[in-house]
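Secondary and tertiary structure notes
So the chains spell out like this:
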Amino acid sequence: MDLTGATCLLTGANRGIGLALSRRLAEEPLGTLLLGMRSPDAADTLRAPPGGAGEIRAVRLDLSSRASIDAGWEAGLADQPIDLLINNAGQMTGGLLEDQDLEAMYAMFQVNLVGVAHLTARALPGMLARGRGKIVNNASISGYAHFPAATTYAASKAGVVALTESLRRELRGTGVDTLHLITPGVNTGMLDDTEAVYGRYMDTSGWEREEPDAWAGKVVAAIRADARKLEPGGKIGWAVRASHGPAALLDLASRRMFSREPRR
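These notes cover the structure that comes with them. Note that the structure is a prediction, hence the values are computed from the model and not measured. (Residues numbered from 1 in each chain as written. Predicted model: local features only at pLDDT ≥ 70, side-chain atom pairs only at ≥ 80, totals over all residues. Heavy atoms only, no water.)

Helix and strand content of the protein chain: eight helices and seven strands. Against the globule reference of 18 Å for 264 residues, the protein chain gives a C-alpha radius of gyration of 18 Å, in line with a compact fold. Across its three principal directions, the C-alpha atoms of the protein chain cover 50 × 35 × 35 Å. Counting the 264 residues in the protein chain, one finds 49% classified as buried. The contacts of the protein chain with a sequence gap of at least 6 include a subset with a gap of at least 24, amounting to 71%. (Helix = DSSP H or I, 4+ residues; strand = E, 2+ residues; numbered from the N terminus. Rg over C-alpha atoms; globule rule 2.2 N^0.38 Å. Buried < 20%, exposed > 50% of the residue type's maximum accessible area, 1.4 Å probe, protein only. Contact = heavy atoms within 4.5 Å.)

Pasting the structure below:
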């Protein structure tokens, strides 16, 4: 995708991977970079280098409900010609299914899956009318490798994979396409929280970590290259490949890593 003069909307732009992506996208020759977040008034000022984004603006976008998404869209996005939508915002739940907090579970599905579908449906008509656009969805390694203690999170991310791939086929010939990100363990606060939850039942000592800036660079390169999906390397890449083959491989890994008795 040629990013010159394009308008990009990035969700979850205020922390973690989203913050790294916002900094990397600011270097691109975008016309406008819209940084979606719940509290734009508290956003740090982000300035583009010479040759970078023409305008950078934080916008209020809360994915926690149908009403809040519609309110954010109507207030600051309805008149924007979105060319690139990056659905990055997400939440995480984990642990044994029967122990997971139901309120947190419902909230996570809303943000991780329903909100992605809702916001994408809002952005698509304009893209289709212009015959140009790209939808980028953060699917996560958990969308492919369905390990224990990650039941609901894996389900939400598997849903993102299905949504993105089905939409890709639906959009064939329109000039609009999709990219889903098989995000590995990126060195952020969310990964720390994930290890704290999963670590009660799984050995996370061998988890690989990638720096946010490095992953953000790969994401932008994949957008520019019109890739269909961005896969990680290393052991995480092996888990993705294993998910395409016999489930016995993941069963074996799970037996070695997982115990229903808390590790600590």
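Next comes the rest of the write-up.
Here we come to the nonpolar core. In this structure, Leu25, Leu30, Leu33, Leu84, Ile86 and Ile223 are the most contacted members of the largest nonpolar core, which totals 29 residues. Ignoring sequence-local partners within four residues, the contact set of Leu25 consists of Cys8, Leu10, Leu30, Leu33, Ala53, Ile86 and Val220. Core analysis: the second largest hydrophobic core is formed by 20 residues, Leu63, Leu77, Val111 and Leu124 among them. (Core = buried A, V, L, I, M, F, W, Y, C linked by side-chain atoms within 4.5 Å.)

Strand order in this open sheet of seven strands is 3-2-1-4-5-6-7, and the pairing throughout is parallel. A single partner strand is all that each edge strand has here, and the edge strands are strand 3 (55–60) and strand 7 (229–230). Relative to strand 5 (residues 133–138), strand 4 (residues 84–87) runs parallel, the two sharing four bridges. Its bridge partner being in strand 5, Leu85 is matched across the sheet by Ile135. Where helix 3 (residues 102–130) meets the sheet, its contacts fall on strand 1 (7–10), strand 4, strand 5 and strand 6 (176–181), and the angle it forms with strand 4 comes to roughly 175°. (Pairing = 2+ DSSP bridges. Axes fitted to C-alpha atoms, helices over the stretch in contact; angles between N-to-C directions.)

Bringing the pattern of salt bridges into the picture now. When charged atoms on two side chains of opposite charge get close, those side chains can pair. For the structure on display, the rule yields 16 salt bridges. A salt bridge links Arg122 to Glu74; the shortest N-O distance between them is 3.2 Å. Residue Arg122 is found in helix 3, and its partner Glu74 is found in helix 2 (residues 66–76); the two are separated by 48 residues along the sequence. Linking Asp83 and Arg132 is a salt bridge whose minimum nitrogen-to-oxygen distance equals 3.4 Å. Here Asp83, found in the loop between helix 2 and strand 4, pairs with Arg132, found in the loop between helix 3 and strand 5; they are 49 residues apart in sequence, far enough to count as distant. (Salt bridge = Lys/Arg side-chain N within 4 Å of Asp/Glu carboxyl O.)

It is the contact of helix 3 with helix 4 (residues 151–170), at a shortest axis distance of 8 Å, that shows an interaxial angle of 15°. The angle between the axes of helix 3 and helix 4 places the two elements in the roughly parallel class. Considering how the two elements wind past one another, helix 3 and helix 4 form a crossing that is right-handed. For the pair helix 3 and helix 4, contact is made by Met105, Met108, Phe109, Asn112, Leu113, Val116, Ala117, Thr120 and Leu124 and by Thr152, Tyr153, Ala155, Ser156, Lys157, Gly159, Val160, Leu163 and Leu167, respectively. Tallied by class, residues from the contact of helix 3 with helix 4 come to twelve nonpolar, five polar and one charged. (Parallel < 35°, antiparallel > 145°, perpendicular 65-115°, else oblique. Left-handed = near helix turned anticlockwise from the far one by under 90°. Nonpolar A, V, L, I, M, F, W, Y, C, P; charged D, E, K, R; others polar.)

Positioned with a positive phi, Ser140 is a non-glycine residue whose angle comes to about 75°. With respect to the element layout, Ser140 can be found in the loop between strand 5 and helix 4.

Moving on, we come to the packing of helix 2 against helix 3. Direction vectors running N to C along helix 2 and helix 3 enclose 35°, while the axes themselves pass 10 Å from each other. Helix 2 and helix 3 meet at a crossing whose hand is right-handed. Between helix 2 and helix 3, the contacting residues are Arg66, Ile69, Asp70, Trp73 and Glu74 on the first element and Gln110, Gly115, His118, Leu119, Arg122 and Ala123 on the second. Considering only residue class, the contact of helix 2 with helix 3 consists of four nonpolar, three polar and four charged.

This part is about the environment of Ala222. Structurally, Ala222 can be placed in helix 6 (residues 212–224). Owing to a relative accessible area of 7%, Ala222 belongs among the buried residues under this scheme. In this structure Ala222 touches Leu179, Ala227 and Leu230, once residues within four positions along its chain are discounted.

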